[in-house]
Amino acid sequence: MSNSQRFGYGVAALLLASSAFHLLVYAVDGGGWGGPVSWRKPILFGFSFGVTLISLVWIAGRSGLSPRASRLLVGTLAVASLVETALIDLQRWRGVPSHLNFTTPFDATVSAALAAVAIVGLIPSIIMIIVVAWRRFDGPPSMRLAVRAGLAVLSLTLVSGAALIANGRAIGLPPQATDLSIFGAAGQLKVPHAVTLHAVQVLPALAWLLTLTAWSEAARVRLVAVAAAGYGGVVLVSVLQAAAGLAPADVTVASGVLLVAALAAMAGAGTATLARLRPPGR
């Protein structure tokens, strides 16, 4: 393991520890889970940045990067993730919204810093890792498919994040007054943003679990493809619901059928995997 990977994993561990700490704070302090000022934000941002950083550091380590490129990409991604999470945590402890908050000069500076770190650090490093891993990834075909499908979905989280910011700007109200992720009547742009963020953990985890089964590599590729199609269906439903201004639970007939089919595909792939697990020691 290279020094850059150790650094990346260390930062990821720190972010996950921050999430766990704020979960304890939430258990003691209470308060609402939703809204622009809640303990939900440091909990979820710490967790999401932590697990995503772990995934991307691992992928970068198997993508044939030179030591210099690894230091640059992994280091930039890790530092940017840490700064973003720290600023979000800071604003929660101050009791004010973190994003699109221009109430005071300091709040405006924090909002600008969050945007700058994302534009200069997070987005370019994520895009570069996606490009490199698509060109070369050291792993069996099933894992390559899982990683590339997960990264393809991850690229959509950049689009959904931009949509969140654009929607907040379009609403034109301060974050204390409204939920800036609401599109239309009740569409939750946060849902597709969250769903697209975690395929890069779910699909490679399935591919790894398949290596512990008696399935052939060809069958493993097919099962990963089924799970990836199912995950894509969940993403599509979340986008359709948000774009239509509908709450996540307020599914239409078409969205409901698609969601059931997508979840069935994922559940089927998972069940087939678990059914063929090898006993320990074999």
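For the structure itself, look to the data block above.
What this report covers is the structure whose coordinates are included nearby. (Residues numbered from 1 in each chain as written. Predicted model: local features only at pLDDT ≥ 70, side-chain atom pairs only at ≥ 80, totals over all residues. Heavy atoms only, no water.)

### What about the layout of surface pockets?
To keep it simple, the criterion reads: Cavity means a closed set of points on a 1 Å grid over the protein atoms alone, one where a 1.4 Å probe fits but cannot get out, pocket means an open set with protein on both sides within 12 Å along at least 5 of 7 lines, and lining means a residue has an atom within 4 Å of a point. Grid points are joined across faces, edges and corners, and a volume is the space filled by probe spheres set on the points. Working definition: helices are DSSP H or I runs of at least four residues, strands are E runs of at least two. Numbering for both runs from the N terminus. Gly falls in the polar group here, along with every residue not listed as nonpolar (Ala, Val, Leu, Ile, Met, Phe, Trp, Tyr, Cys, Pro) or charged (Asp, Glu, Lys, Arg).
Estimates place the volume of the largest pocket at around 1400 Å³. Phe 45, His 99, Gly 161, Leu 164 and His 193 are, among the 45 residues lining the largest pocket, the residues nearest its centre. The set of elements that each furnish at least two residues to the lining of the largest pocket consists of helix H2 (40–61), helix H3 (67–94), helix H4 (105–135), helix H5 (141–171) and helix H6 (190–197). Ranked by residues supplied to the lining of the largest pocket, first place goes to H2 with nine residues. Taken together, the residues that form the lining of the largest pocket break down as 26 nonpolar, 13 polar and six charged.

### A look at the packing of aromatic side chains
For any two aromatic rings, the description comes down to two numbers: the centre-to-centre distance and the angle of the planes. Counted only if it meets this: Whether two aromatic rings pair depends on their centres lying within 6.5 Å, for rings of Phe, Tyr and Trp, where Trp uses its six-membered ring; planes under 30 degrees apart make the pair stacked, over 60 edge-to-face, and the rest tilted. Here the term buried applies to any residue with accessible area under 20% of the maximum for its type, exposed to any over 50%, and partly exposed to those in between, with areas from a 1.4 Å probe on protein chains only.
Enumeration according to the criterion identifies five aromatic pairs in this entry. Each ring, one from Phe 21 and one from Trp 93, has its centre 6.5 Å from the other, and the planes form 20 degrees; the classification is stacked. One end of the pair, Phe 21, is in helix H1 (residues 3–29); the other, Trp 93, is in helix H3, with 72 residues separating them in the sequence. Accessibility expressed as a relative area gives 44% for Phe 21, which makes it partly exposed. Consider the rings of Trp 58 and Phe 137, whose centres lie 5.6 Å apart with planes at 65 degrees: the pair is edge-to-face. Of the two residues, Trp 58 is situated in helix H2 and Phe 137 in the loop between H4 and H5; the sequence distance between them amounts to 79 residues. For Phe 137, a relative accessible area of 5% puts it in the buried group. Taken together through their ring pairs, the aromatic side chains of Phe 21, Trp 39 and Trp 93 make up a single cluster.

### Remarks on H2
Note the following rule: In this scheme, a helix's expected span is set at 1.5 Å multiplied by one less than its residue total.
The first and last C-alpha atoms of H2 sit 31 Å apart over 22 residues, in line with the 32 Å expected at 1.5 Å per residue. Counted residue by residue, H2 has 16 buried out of 22 residues, so it is predominantly covered.

### Description of empty space enclosed by the protein
Taken as a whole and assessed by the stated rule, the structure comprises one cavity of 30 Å³ or more. Roughly 30 Å³ of internal volume is contained in the largest cavity. Taken together, Pro 36, Val 37, Lys 41, Ile 88, Gln 91, Arg 92, Val 96, Pro 97 and Ser 98 form the lining of the largest cavity. With three residues, the top contributor of residues to the lining of the largest cavity is H3.

### Some points on the packing of H2 against H5
Note the threshold: Helix axes are fitted only over the stretch in contact, all axes being lines through C-alpha atoms; the angle between N-to-C directions runs from 0 to 180 degrees. Roughly parallel refers to an angle under 35 degrees, roughly antiparallel to one over 145, roughly perpendicular to one between 65 and 115, and oblique to any angle outside these ranges. Left-handed is the label given to a crossing in which the near helix is rotated counterclockwise from the far helix by less than a right angle, and right-handed is the label when the rotation is clockwise. Contact definition: two residues touch when any of their heavy atoms are within 4.5 Å.
Relative orientation of the contacting elements H2 and H5 amounts to 130 degrees, with a least axis distance of 12 Å. What the angle tells us is that H2 and H5 run oblique. Remark: the crossing between H2 and H5 carries left-handed chirality. Facing Leu 56, Trp 58 and Ile 59 of H2, the residues of H5 in contact are Met 143, Val 147, Leu 151 and Leu 154. Within the contact of H2 with H5, the residues separate by chemical class into seven nonpolar, no polar and no charged.

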